[in-house]
2 protein chains.
Amino acid sequence: MSNIRIDVKSRTPIFEQLCAGIREEILSGAMAPGEALPSVRSLACELAINPNTIQKAYAELERQKLISSAPGRGSFVSDDIRPAMGAFEERILEDLRAAVHRARLCSIEKKKLTDLIDKEWEGTKQ
Amino acid sequence: MSNIRIDVKSRTPIFEQLCAGIREEILSGAMAPGEALPSVRSLACELAINPNTIQKAYAELERQKLISSAPGRGSFVSDDIRPAMGAFEERILEDLRAAVHRARLCSIEKKKLTDLIDKEWEGTKQ
DNA sequence: TAACTGTTCTAATCGTGTTAGTACAGATAT
DNA sequence: ATATCTGTACTAACACGATTAGAACAGTTA
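J.: Looking at this structure, how should I read the overall build of chain A?
T.: A tally of helices and strands in chain A yields five helices and two strands. N-terminal to C-terminal, the α/β element order of chain A is α-α-α-β-β-α-α. A compact globule built from 126 residues would reach a C-alpha radius of gyration of about 14 Å, whereas chain A, at 18 Å, exceeds it by more than 25%. Principal-axis analysis of the C-alpha atoms gives chain A an extent of 55 × 35 × 25 Å. Within chain A, the fraction of its 126 residues that count as buried is 37%. In chain A, once contacts between residues fewer than 6 apart in sequence are set aside, the share between residues at least 24 apart is 50%.

J.: Would you take a moment to explain the protein's contact with DNA strand D for this structure?
T.: Taken together, the neighbourhood of DNA strand D is formed by 24 residues, with Ile 14, Asn 50, Asn 52 and Thr 53 of chain A together with Gly 72 of chain B sitting nearest. Taken together, the sugar and phosphate atoms account for 61% of what DNA strand D places within 4 Å of the protein. Contact between DNA strand D and Asn 52 of chain A: a base nitrogen at 2.8 Å from a side-chain N or O atom of the residue. Within the side chain of Gln 55 of chain B, a nitrogen or oxygen atom sits 3.4 Å from a phosphate oxygen of DNA strand D. For the surface near DNA strand D, the secondary-structure elements that each account for two or more residues are helix 1 (14-27) and helix 3 (51-63) of chain A together with helix 2 (40-47), helix 3 (51-63), strand 1 (67-70) and strand 2 (74-77) of chain B. Classifying every residue of the surface near DNA strand D by side-chain character gives eight nonpolar, eleven polar and five charged.

J.: Explain the interface of chain A and chain B here, please?
T.: How big an interface is tends to be stated in terms of the accessible area lost upon association of its parts. The interface is formed by 37 residues belonging to chain A together with 37 residues belonging to chain B. Around 4000 Å² of area is buried between chain A and chain B when both sides are counted, 66% of it from carbon and sulfur atoms. Per-residue buried area on chain A facing chain B is highest for Arg 102, Arg 104 and Trp 121 of chain A; these three make up 19% of the total on that side. Linking chain A to chain B there are ten salt bridges. For the interface between chain A and chain B, the tally reads 16 residue pairs in polar contact (both at pLDDT 80 or more). Classifying every residue of the side of chain A that touches chain B gives 17 nonpolar, four polar and 16 charged.

J.: Mind showing me how you'd approach helix 5 (residues 110-123) of chain B here?
T.: Since the α-helix packs 3.6 residues into each turn, any two residues three or four apart lie on the same face. Its 14 residues place the ends of helix 5 of chain B 20 Å apart at the C-alpha level, agreeing with the 20 Å of an ideal helix rising 1.5 Å per residue. Inspection of helix 5 of chain B places Leu 113, Thr 114, Ile 117, Glu 120 and Trp 121 of chain B among the buried residues, and these make up the whole buried set. Seen from one end, helix 5 of chain B has its buried residues packed into an arc of 125 degrees, which puts them on one side. For helix 5 of chain B, the exposed residues lying more than 90 degrees away from the buried face are Lys 111, Lys 119 and Gly 123 of chain B. Buried residues in helix 5 of chain B make contact with helix 4 (82-105) and helix 5 (110-123) of chain A together with helix 4 (82-105) of chain B.

J.: Help me understand the environment of Lys 9 of chain A in this model?
T.: Relative to the helices and strands, Lys 9 of chain A resides in the segment before helix 1. C-alpha separation for the pair Lys 9 of chain A and Ala 57 of chain A, spaced 48 residues apart in sequence, amounts to 18 Å.

J.: Looking at this model, I keep getting lost on the packing of helix 5 of chain A against helix 5 of chain B. Mind explaining?
T.: In helix packing, the relevant descriptors are the interaxial angle and the interaxial distance, both defined with respect to the helix axes. Where helix 5 of chain A meets helix 5 of chain B, the closest approach of the two axes is 10 Å, and the angle between their N-to-C directions is 160 degrees. As judged from the angle between their axes, helix 5 of chain A and helix 5 of chain B are roughly antiparallel. The chirality of how helix 5 of chain A crosses helix 5 of chain B is right-handed. Here Lys 110, Leu 113, Thr 114, Ile 117, Asp 118, Trp 121 and Glu 122 of chain A of helix 5 of chain A lie close against helix 5 of chain B, whose contacting residues are Lys 110, Leu 113, Thr 114, Ile 117, Asp 118, Trp 121 and Glu 122 of chain B. Its residues assigned to classes, the contact of helix 5 of chain A with helix 5 of chain B shows six nonpolar, two polar and six charged.

J.: Can you walk me through the protein's contact with DNA strand C in this structure?
T.: In the region of DNA strand C, 24 residues are neighbours, and Gly 72 of chain A together with Ile 14, Asn 50, Asn 52 and Thr 53 of chain B sit closest. Each atom of DNA strand C within 4 Å of the protein was classed as base or backbone; sugar and phosphate made up 61%. For DNA strand C, a base oxygen lies 2.7 Å from a polar atom in the backbone of Gly 72 of chain A. Thr 53 of chain B places a polar side-chain atom, nitrogen or oxygen, 2.8 Å from a phosphate oxygen of DNA strand C. When residues of the surface near DNA strand C are traced back to their parent elements, those giving at least two are helix 2 (40-47), helix 3, strand 1 (67-70) and strand 2 (74-77) of chain A together with helix 1 (14-27) and helix 3 of chain B.

J.: What's the story with the pairing of strand 1 of chain A in this structure? I'm lost.
T.: Residues in a regular strand point their side chains to alternate faces of the sheet. Residues and elements named next belong to chain A. As defined by bridge partners, strand 1 adjoins strand 2 across four bridges and the pair is classed as antiparallel. The residue bridging Ser 68 from the neighbouring strand is Phe 76, located in strand 2. From the end of strand 1 to the start of strand 2, which pair antiparallel, there are three residues, and Gly 72 there has a positive phi angle of about 90 degrees.

Parameters and conventions
Residues numbered from 1 in each chain as written. Chains lettered and ligands numbered in written order. Predicted model: local features only at pLDDT ≥ 70, side-chain atom pairs only at ≥ 80, totals over all residues. Heavy atoms only, no water. Helix = DSSP H or I, 4+ residues; strand = E, 2+ residues; numbered from the N terminus. Rg over C-alpha atoms; globule rule 2.2 N^0.38 Å. Buried < 20%, exposed > 50% of the residue type's maximum accessible area, 1.4 Å probe, protein only. Contact = heavy atoms within 4.5 Å. Near = heavy atom within 4 Å. Polar contact = N/O pair within 3.5 Å; in protein donor to acceptor, adjacent residues only side chain to side chain. Nonpolar A, V, L, I, M, F, W, Y, C, P; charged D, E, K, R; others polar. Buried area = accessible area lost by both parts, 1.4 Å probe. Salt bridge = Lys/Arg side-chain N within 4 Å of Asp/Glu carboxyl O. Expected span 1.5 Å × (residues − 1). Arc of directions from axis to C-beta. Axes fitted to C-alpha atoms, helices over the stretch in contact; angles between N-to-C directions. Parallel < 35°, antiparallel > 145°, perpendicular 65-115°, else oblique. Left-handed = near helix turned anticlockwise from the far one by under 90°. Pairing = 2+ DSSP bridges.

The structure is reproduced here in C-alpha cells:
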C-alpha cells in the first residue's frame, strides 16, 4: 500500500495519481477484498499531503465501487470488485482504440500492432 | 484544415487540441508537405481564439518538426515529416504498453487484446 | 468518556491556461 | 518607400481548478 509514488510536480492531479495507484493495488490483488485502507489522516501524514486530497481520492474510488467507506469505521476494499473490473476493461478498449487510430494515421500495418503487443506481453511476464 | 473542432470546455488545453488536430491533418496526408498553414492571426479569428494560443500550438508543432515557421513568410508543413512520424510511433507503443499493463491487472488474456484490435481495425476501415 | 474514523464546509493559495494589448522584425506586393 | 502581411516576444490581467489550511460534525469502538 505504501509503495505508491506521488509526483507533486506532475501535471496530473495528486488525487488522480492516488486513485490510479490504489486502483492498481486492488486490481492486482496486492490488496485483498475487505482489507482496510489507511485512514484519511494517517495516509495524509505518511505521504505529506493534505487530508482533503486523500479524501477526494477515496470518494472517487468509492464512486467507482472499488472501496467502501463508513464514518467511524474506516475505508475498505470492496468485497466484490467485479463491477469495477468491467469499467476498467472499458479503459483498456479506449487505449486500444487510440492506438489503432494513431496507427491508421501513420499507415502502420495491423500486424505491427499485434506484434508489438506480443513483444510487450512477453516482456512483462512476471 | 478548418474542420478542426475545438472544445473550449474540455479539460485538455486548447493549444493541445490544436496540436493534435493539425498533427492529424498532416500525418493523414490531408495537408501536404510544403503546404501553408493559416496565419496565426487569421486562424485565431476563424476559431475565435486568442492569437497567442495559436502561436503556442504552432511553436509546439515546430518543436516537433512537423511544421516550420519564418517571420514574414508564414508557417508551412515540413518537407520531411518522417522524423515526426518516428516520434509518433513511440506514442503508439506507449498506448499499447498501457493497455497491456492494465490487461495484466485484470488478468485479461492476450488473445482478447489482439481480438479487440482486430475488431477495432475492421470497424475503422474507410 | 476518549480517541479514533469518514464527511462536509469555507477561505486562502497557487499554478497554469487563456486573454488582451502592444511592440518589434522580416517578407512581399504595390 | 509604403503598406500590409507574416511570425515572435513580452507584460499584465483574468479564470479556473487543484491544493492547502482549518474547523466542525457525526458515527464507531475501546
